[in-house]
Amino acid sequence: MQPSSVEEIRVALAAAQDAARQRAFDSCDIDDIEELILRVDAELRTMRPNIQTLATYLNSLARSLRADAANRSVCLQIDSAMRNAGVPTYWDH
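Let me sum up the structure you'll find in this document.

Criteria and thresholds
- Throughout, a residue's number is its position along its own chain's written sequence, starting from 1.
- Local features are withheld for residues below a pLDDT of 70 in this predicted model, meaning they are given only at 70 or higher, and side-chain atom pairs are given and counted only at 80 or more; totals for whole chains, interfaces and linings count all residues.
- Based on all heavy atoms of the structure, the side-chain values leave hydrogens and waters out of the count.
- The numbering of helices and of strands both runs from the N terminus, where a helix is a DSSP run of H or I of at least 4 residues and a strand a run of E of at least 2.
- A helix is expected to span 1.5 Å multiplied by its residue count minus one.
- Remark: exposure states derive from per-residue accessible area (1.4 Å probe, protein chains only) relative to the maximum for the residue type, with buried under 20%, exposed over 50%, and partly exposed in between.
- When we speak of the arc, we mean the arc of directions from the helix axis to the C-beta atoms.
- Two residues form a contact once any of their heavy atoms are found within 4.5 Å.

1. Section: the environment of glutamate 35
Mapped onto the fold, glutamate 35 is located in helix α2 (residues 27-44). Sequence separation between glutamate 35 and leucine 61 is 26 residues; the distance between their C-alpha atoms is 9.5 Å.

2. Brief notes about helix α4 (residues 72-85)
Over its 14 residues, α4 extends 20 Å from the first C-alpha to the last, a length consistent with the 20 Å expected when each residue adds 1.5 Å. Those residues of α4 that sit buried are Val74, Cys75, Ile78, Asp79, Ala81, Met82 and Ala85. When α4 is viewed along its axis, its buried side chains cluster within an angular range of 165° and face the same direction. Where the residues of α4 are buried, they touch α1 (3-22) and α3 (51-66). Residue glycine 86 follows α4 closely and has a positive phi angle near 80°.

See below:
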């Protein structure tokens with residue numbers, strides 16, 4: 001995976017974390033979102049991030065955020081980062 005793709009995903013993760021903390025999520029939802037972010041970050045730190053693992057976590061993260069219309073831009077940011085990195089997207093289905 002290209003370093004620019006890794007950085008784009010990390011920027012999207014930061015936006016997701018900010019969105020989760022600023023919106024009206026309950027603490028369980030925030031904990032779940034932060035757990036997904038930690039797992040993606042851990043995978044990105046490996047020598048060869050597994051695309052399927054990233055797809056699972058990032059699609060789940062986008063699904064968690066999509067219910068709130070205010071988070072739509074964050075979902076699209078995650079989607080764009082995934083597509084640019086070659087990670088399959090299916091969160092919107």
